[in-house]
Amino acid sequence: MGCSGRKTLSFFLIFVLVYLHGALSQEANPAGPRKPLFERLRRLEEQFRRFQEVTLTHLQGIANNYNVSYNIDIRFQSLAEESQAMALVINQTKAAVQRELAHLKAWVRKIQRRSRKTEARLQALDLALSEKSQLWAQERIVQKDVTSGATLDRQALQDMLAHLTHQVHNQGARLAALENQLQVVNLRTAALVPAPAPAQAPTPAPSEQPHLSSLKLQRGWQALRAASKHRSPAQDSAAHPQETREPPASGSHQVPDGTAAAPRNPPQQAWIPKRPGEMCSGGLVLTFPNSSTENMVSLSPGFLTALRALSFCSWIRTASGHLGTLISYATEDNDNKLVLYGRDSLVPGSIHFVIGDPAFRELPLQLLLDRQWHHVCVIWTSIQGRYWLHVDRRLVATGSHFREGYEIPPGGSLVLGQEQDSVGGRFDISEAFVGSMSGLAIWDRVLVPGEVANLAIGKELPRGAILTLANATPVGGFVQRANCTCLELCL
């Protein structure tokens, strides 16, 4: 038996001895009462039964402890084997870890060397970058100064160009007015010169009348030059400039914006010939006979590049009480990129000059309501948004700040005679043009007054026209095409 069994047996023997000692002491005690034998035997039997129970219990505990101790030994043995295996694995792992640590130490040393080299390179690069950044900053400052100077120079050049262009137009208008004055004086001089004497009469001495006429011409010229020197440049307005305004003829009336409306019986212009062949302009004529949404002409291919300047010139003769639409240019994003149109609801002779709806200017063209041929030029530039309107060589209206810096985009639909509410369609009969057009041309630059005057007297087209009536492609409705050698003779 094990150690626990021996301890239990010794405890049992001590218990028996104690029990017997107590029983003997009770029997030897003379003071206690003597009990019957049967009672004692019963007690002994009970004590013996308890003793058996206790002994059985102790024996079962001894057996259980023996089994437990046996299982513990087996477990201890298995644990010892497992501990030996774990120790072996730990030793192997320790050796592997030591090898890995040696490799890591070698790699750390290499990385440290490389990091030192990289740090040296980075310091060199940082130094170089700081030097380059300083150089770049200096270059940017210089470039900024140059750019700001170039911007200022460009703005100054644009302002100067706009001012010079305006002055050129003003001078052209003044020259036209002077030419008109000279023509009137020449006509008066021719009326004052007496008829030549018959051949048989003696030739008279030089007359004093031509001398007086030349003196009048010279004085008139000097007066006009003196007046032009004291005049200030024309201000922006949609009326006749002061330097080209003439007294209204009999039968004319003033409209609210200060322009002289067309007279009921307008006089013949000085440069319009009274006799055929004296001054004539001819070519292809497009006639729009009535108000119809089907009467239209398309100019193809339209604008191929963006326009920052525009000159539109044409001979026009109207046949109704309002002007209608002369030209309409529409794109997908805006159906009124460029329009010259007059509705029947507007003031008679008034026309809207639209660039990039809703911006527009109202132009006075009352002179066109006399059912005669007139030469019209509408000119615009994005520089300061300046625009000019010439009618029969006269500067009728001028202004500025109209679509300043704007570009008319390419790729749209260009139509004559109708106002487009969508690309190529949705026409309105109240905006249709009724009349005739001839010599129409469009430039992507600003025409000077001399070029406008040459067009108005039937000379050749100025250089650089991007579109003419030669680009007129399908003619719709009842639009008629004809070639006239002289517009005055073209019905």
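Residues numbered from 1 in each chain as written. Predicted model: local features only at pLDDT ≥ 70, side-chain atom pairs only at ≥ 80, totals over all residues. Heavy atoms only, no water.

**Structural notes on the overall build of the protein chain**
For the protein chain, the count of helices and strands is four helices and 15 strands. Counting over 491 residues, the protein chain shows a buried share of 31%. Total accessible area on the protein chain stands at roughly 30700 Å², and carbon and sulfur atoms take up 59% of it. (Helix = DSSP H or I, 4+ residues; strand = E, 2+ residues; numbered from the N terminus. Buried < 20%, exposed > 50% of the residue type's maximum accessible area, 1.4 Å probe, protein only. Areas by Shrake-Rupley, 256 points an atom, 1.4 Å probe, with all protein chains shown as cover.)

**Quick word on the pattern of salt bridges**
Side chains that carry opposite charge are capable of pairing whenever their charged atoms lie near each other. Applying the stated rule across the entire model yields eight salt bridges. Across the pair arginine 43 and glutamate 39 runs a salt bridge, and its minimum N-O distance is 3.7 Å. With a gap of four residues between them, arginine 43 and glutamate 39 both fall in helix H2 (residues 37-192), about one helical turn apart. Note that arginine 308 and glutamate 407 form a salt bridge whose closest N and O atoms lie 3.3 Å from each other. Residue arginine 308 is found in the loop between strand E2 (296-299) and strand E3 (309-318), and its partner glutamate 407 is found in the loop between strand E10 (394-399) and strand E11 (413-416); the two are separated by 99 residues along the sequence. For arginine 308, a relative accessible area of 40% corresponds to the partly exposed category. (Salt bridge = Lys/Arg side-chain N within 4 Å of Asp/Glu carboxyl O.)

**Observations regarding unusual backbone geometry**
Across the chain, the bulk of peptide bonds are trans and the bulk of non-glycine residues have phi less than zero. Following serine 300, the chain continues into proline 301 via a peptide bond in cis, with omega recorded as 15 degrees. With respect to the helices and strands, the residue proline 301 is situated in the loop between E2 and E3. In this structure, the amide linkage connecting aspartate 357 to the following residue, proline 358, adopts the cis form with an omega of 15 degrees. Tracing the backbone through its elements, the reader meets proline 358 in the loop between strand E6 (350-355) and strand E7 (360-364). With a phi angle near 60 degrees, glutamine 384 is a residue other than glycine that sits in the positive phi range. Examined against the element boundaries, glutamine 384 turns out to sit in the loop between strand E8 (374-381) and strand E9 (387-391).

**Points about the nonpolar core**
Ranked by size, the top nonpolar core spans 42 residues in total, and within it Phe303, Leu340, Phe353, Trp380, Leu389, Leu416 and Ile442 carry the most contacts. Formed by eleven residues, the second largest nonpolar core is a distinct cluster that contains Ile379, Leu395, Ala441 and Val452. (Core = buried A, V, L, I, M, F, W, Y, C linked by side-chain atoms within 4.5 Å.)

**Focus: the sheet that holds E11**
Pairing in this open sheet of seven strands is antiparallel, and the strands run E7-E6-E5-E4-E11-E2-E14 from one edge to the other. Across the chains shown, the open sheet's two edge strands, defined by having one partner strand only, are E7 and strand E14 (472-476). Between one strand axis and the next, the sheet turns by 20 degrees as a mean value, whatever way the strands run. In terms of strand pairing, strand E4 (residues 327-330) meets E11 through four bridges, oriented antiparallel. (Pairing = 2+ DSSP bridges. Axes fitted to C-alpha atoms, helices over the stretch in contact; angles between N-to-C directions.)

**Section: the confidence of the model for the protein chain**
For the protein chain, the average pLDDT comes to 76, and 72% of its residues sit at 70 or higher. Counted against residues more than four places away or in other chains, residues 223-279, with its pLDDT under 50, gives 90 contacts. (pLDDT = per-residue confidence, 0-100. Contact = heavy atoms within 4.5 Å.)

**Thoughts on helix H4 (residues 449-456)**
Pro449, Glu451, Val452, Leu455 and Ala456 are the residues of H4 that are buried. The buried residues of H4 occupy an angular sector of 160 degrees when projected down its axis, which confines them to one face. Two residues or fewer after H4 comes glycine 458, characterised by a positive phi angle close to 85 degrees. (Arc of directions from axis to C-beta.)

**Focus: a nonpolar patch on the surface**
Together, Val68, Ile72, Phe76 and Leu79 give the surface a local cluster of nonpolar side chains, amounting to about 370 Å² of exposed area. Within the fold, valine 68 resides in helix H2. (Patch = residues over 30% accessible without salt bridge, like charges linked within 9 Å, V, L, I, M, F, W, Y side chains within 5 Å.)

**Quick word on the packing of aromatic side chains**
All told, the structure shown has four aromatic pairs when counted by the stated rule. With a centroid separation of 5.5 Å and 80 degrees between ring planes, the pair formed by phenylalanine 288 and phenylalanine 433 is classed as edge-to-face. With a gap of 145 residues between them, phenylalanine 288 in strand E1 (residues 283-288) and phenylalanine 433 in the loop between E11 and strand E12 (435-443) connect regions that are remote in the sequence. Judged by its relative accessible area of 0%, phenylalanine 433 is buried. Directly above the ring of tryptophan 107 sits lysine 110, whose terminal nitrogen or CZ lies 5.1 Å from the centroid. Against the face of tyrosine 406 rests arginine 403, its NZ or CZ located 4.6 Å from the ring centre. (Phe/Tyr/Trp six-rings, centres within 6.5 Å; stacked < 30°, edge-to-face > 60°. Lys NZ or Arg CZ within 6 Å of the ring centre and 35° of its normal.)

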